[in-house]
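# Overview (structure and organization)
The residues making up each chain are set out below.
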Amino acid sequence: MENKYNTWFHPYKPATKYKKKVAYFSMEYGIDQSFNIYSGGLGFLAGSHMRSAFELKQNMIGIGMLWKYGYYDQARNEDQTLRTEFNEKHFDFLEDTGIEVEVKLHDNPHVKVRAYVLKPEIFGTVPMYFLSTDVEGNDHLSRTITNHLYDNNPVTRISQSIILGIGGAKVVEALGGADTYHLNEGHALPAFYYLRDLGVKKSQMVFTTHTPEKAGNEERDARHLNRCGFFGRSLSEQELQKEMVNDGMINYTISALRMAKIANGVSKLHAKVATDMWKDYEGVSKIIPITNAQNQKFWQDASIKKAWSKKQVKAYKTRKTALKKDLFEEVYKQTGKTFDPKVLTFVWARRFAGYKRADLLLHDLERFKRLISNKKYPVQIIWAGKPYPFDYYAIDVFNHLVNHSKTENNLAVLIGYEIDLSKRLKCGSDVWLNTPRITREASGTSGMTAAMNGSVNVSTNDGWIPEFAKDGKNSFVLPALDHTLPVWDQDNIDANNLYEILEDKVIPTYYDEPKKWQDIVFNGIDGVIPEFTSQRMADEYYQKLF
């Protein structure tokens, strides 16, 4: 069978303004529920980008990894707390391209990497190539490299970067090469080293940094990376010295910023924060803002869209009630609790990480208790999200919420937070809670897709929110605070502000001023479309970065 996708091919003639050939490298993609190989926001964002690139007829391809066990599956222990399960995945919609490349890893010069194609007609993305080392002829250890997204073993993690970076660059070569190589985050950094040695110019390399978090800006020992084959060849001591920062370390972000022609942060605030973070390192490229966005066609409910575009309040409310019922079926199925579609429903749902503060509402337990037991103004609260399977602090927060909500009939913690549940939560919530510590959330795109479906953002003023929010008009925003304060003080102030906003503004508006609430809902959708749709974003990447 002749496969068109073993060369650079699109089912359309690329639009003139997008004719430059771009290869986009990302460790994870969230494209469809049936293709669960992502962990969170970075994947959702990359998936939306691939869909919009297809819709705009861009000359782009995606390069990713075929994770045999995905990220992990959420299950529960006997007492309802979180259990992490690793189950083998099968995706029969992927096709073997016949492209196989070899990468040198550690002392093994011949690790085979196969490329599988996800064709555009499957999910409406540009052609995407997923790499696997689970290939006949590889030794056992090599075959396990592509088992787990963000493997906990540091050596495996380094190998994953080499496979995505160098393996991916070689696959792009086999397809005919690209004009621009775009790294979505630093995971695929070895691609830049390998390409630079091939003579690919700096003007062809661009980079997106996604997080001010330490864990998201990997730093590893330079000599160890050299032994692993990270640079595509063995660097001399002198060459290594040039790449090192902070006592013999390689910082993936700094290296990428030095090799890229230009880089971007994922919101205006984040570009500022990132520029400030890396300004003391010489040779780093300029960091411009291209704010993250999400794919409207995929994420927005069609009936909500119709009711909003015609400003039909009744049709909107009828649909919202149906969407709430749909979400509450899931709540009932998982917890046995019957939620009421007439009751104001808050959702906190995203990747579980300490700085995102899933438990901020429980900061003052007496006050929280008052909030959830107010008969005049009833509320329902749902939490969902995936902690990293080895982040025991985040898992502890998750379990704390599970244990706390067990005895309350209007609180629920859901498992299985992937694309399907994410969609239902965004469509079925009235309020989307977003509580990261200021400057720590680079963008935070979940609030965008929530707003598209009429869920009102209640948020700290971080990430994309400053570009969107009109407090009291299309969202509710916590007052700014000094982010250099000790964490405990920040949490205290933010929690008090959150209780106040909910008690004095959000809840009374919903129950006592339904017309005003409806205005806020429609203003939220107005504010997010088209400004925070990935059509705008995919276009900006071509105009400003490529």
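What comes next concerns the included structure. It should be emphasised that the depicted structure is a prediction, and the values quoted were computed from it without experimental measurement. (Residues numbered from 1 in each chain as written. Predicted model: local features only at pLDDT ≥ 70, side-chain atom pairs only at ≥ 80, totals over all residues. Heavy atoms only, no water.)

### Focus on the sheet that holds strand S17 (residues 431–434)
Using the following cut-off: For two strands to be treated as a pair, DSSP must find no fewer than two bridges joining them. In DSSP terms, a helix is any run of H or I states spanning at least four residues, a strand is any run of E spanning at least two, and both are numbered starting from the N terminus. Note on geometry: axes are C-alpha line fits, over the in-contact stretch for helices, and angles between N-to-C directions span 0 to 180 degrees. In this description, contact between two residues means that some pair of their heavy atoms is separated by no more than 4.5 Å.
Read across the sheet, six strands follow the order S16-S15-S14-S17-S18-S19 without closing on themselves; strand pairing throughout is parallel. The outermost strands of the open sheet, each flanked by one partner alone, are strand S16 (411–414) and strand S19 (475–477). On average, each strand axis in the sheet is tilted by 20° relative to the strand beside it, whichever way the strands run. Note that S17 and strand S18 (residues 456–459) share four bridges and pair parallel. Bridging from a neighbouring strand, asparagine 434 pairs with serine 459 of S18. Taken strand by strand, helix H15 (residues 419–428) contacts strand S14 (344–349), strand S15 (379–384), S16 and S17, and its axis lies near 160° from that of S15.

### A word on the environment of aspartate 494
We apply this condition: Definition of a polar contact: a pair of N or O atoms within 3.5 Å, with one able to donate and the other able to accept a hydrogen when the atoms are protein atoms, and with sequence-neighbouring residues admitted only if both atoms are side-chain atoms.
In this fold, aspartate 494 is placed in helix H18 (residues 487–512). Sequence spacing of aspartate 494 and proline 479 is 15 residues, and the spatial spacing of their C-alpha atoms is 8.1 Å. Not counting residues up to four positions away in its chain, the partners in contact with aspartate 494 are Arg357, Leu360, Thr460, Leu478 and Leu481. Among the polar contacts listed, one links the side chain of aspartate 494 to the side chain of arginine 357, at a separation of 2.7 Å.

### Considering the sheet that holds strand S13 (residues 287–289)
Pairing within the open sheet is mixed, and its nine strands lie in the order S5-S6-S7-S2-S1-S8-S9-S12-S13. Of all strands in the sheet, those with a lone pairing partner are strand S5 (95–105) and S13, marking the two edges. Neighbour-to-neighbour, the strand axes of this sheet turn through a mean angle of 25°, independent of strand direction. Two strands pair when backbone bridges link them, and S5 and strand S6 (residues 108–118) are joined in this way by seven bridges, in the antiparallel orientation. Counted as the bridge partner of valine 101 is valine 113 from S6. Of the strands in this sheet, strand S1 (22–25), strand S8 (180–184) and strand S9 (205–208) touch helix H5 (residues 190–198), which is tilted by about 170° from S9. Helix H9 (residues 268–278) contacts strand S12 (262–265) and S13 of the sheet and is inclined by roughly 170° relative to S13.

### Description of a nonpolar patch on the surface
As a reminder, the rule being used: Only residues whose relative accessible area exceeds 30% and that form no salt bridge enter a patch; like-charged residues are grouped when within 9 Å of one another, and nonpolar side chains (Val, Leu, Ile, Met, Phe, Trp, Tyr) when within 5 Å. Areas reported as accessible are Shrake-Rupley estimates using a 1.4 Å probe. Residue values count occlusion only from the protein chains shown. A pairing counts as a salt bridge when a side-chain nitrogen of Lys or Arg comes within 4 Å of a carboxyl oxygen of Asp or Glu.
On the surface, Phe86, Phe390 and Tyr392 cluster together into a nonpolar patch covering about 300 Å² of accessible area. Turning to its location among the elements, phenylalanine 390 is positioned in the loop between S15 and helix H14 (392–405).

### Remarks on the pairing of strand S7 (residues 128–132)
So the rule is basically this: Any residue under 20% of the maximum accessible area for its type is buried, any over 50% is exposed, and the rest in between are partly exposed; the area is computed with a 1.4 Å probe on protein chains only.
Burial runs high along S7: five of the five residues are buried. Alternating positions in S7 separate into two faces, Met128, Phe130 and Ser132 on one and Tyr129 and Leu131 on the other, with burial throughout. Here strand S2 (residues 60–65) runs beside S7; their pairing, made up of four bridges, is parallel. Bridging across to S7, methionine 65 finds its partner in leucine 131. As defined by bridge partners, S6 adjoins S7 across five bridges and the pair is classed as antiparallel. In the sheet register, arginine 114 faces S7, and the bridge partner there is serine 132.

### Considerations on the layout of surface pockets
Test applied: A 1.4 Å probe that fits into a set of points on a 1 Å grid over the protein atoms alone but cannot get out defines a cavity; an open set with protein on both sides within 12 Å along at least five of seven lines defines a pocket, and lining residues are those with an atom within 4 Å of a point. Grid points are joined across faces, edges and corners, and a volume is the space filled by probe spheres set on the points.
If you add up the space inside the largest pocket, you get close to 1,100 Å³. Forming the walls of the largest pocket are 45 residues, and the residues nearest its centre are Glu28, Ser39, Thr211, Arg351 and Tyr355. Of all the elements in the fold, those that place two or more residues in the lining of the largest pocket are helix H1 (41–55) and strand S10 (219–221). Of the residues forming the lining of the largest pocket, the biggest block, four residues, is contributed by H1.

### Notes on the packing of aromatic side chains
Just so we agree on the cut-off: Each pair of aromatic rings taken from Phe, Tyr and Trp, with Trp reduced to its six-membered ring, is defined by centres within 6.5 Å and is described as stacked if the planes are under 30 degrees apart, edge-to-face if over 60, and tilted in the remaining cases. Look at NZ for Lys and CZ for Arg. If either is within 6 Å of the ring centre and within 35 degrees of the ring normal, a charge sits over the ring.
Under the definition given, this model contains 36 aromatic pairs. When the centroid spacing of 5.5 Å and the interplanar angle of 75° are considered together, the rings of tyrosine 316 and phenylalanine 522 count as edge-to-face. In this pair, tyrosine 316 is assigned in helix H12 (residues 313–335) and phenylalanine 522 in helix H19 (residues 514–528), connecting sequence segments 206 residues apart. Taken together, a centroid distance of 5.3 Å and an interplanar angle of 90° make the contact between tyrosine 510 and tryptophan 517 edge-to-face. With respect to class, tyrosine 510 is no different from tryptophan 517; both count as buried. A network of ring pairs unites the aromatic residues Tyr24, Tyr29, Phe35, Phe91, Phe93, Phe123 and Phe130 as a single cluster. Lying across the ring of tyrosine 72, lysine 386 places its NZ or CZ 4.8 Å from the centre. Against the face of phenylalanine 298 rests lysine 423, its NZ or CZ located 3.9 Å from the ring centre.

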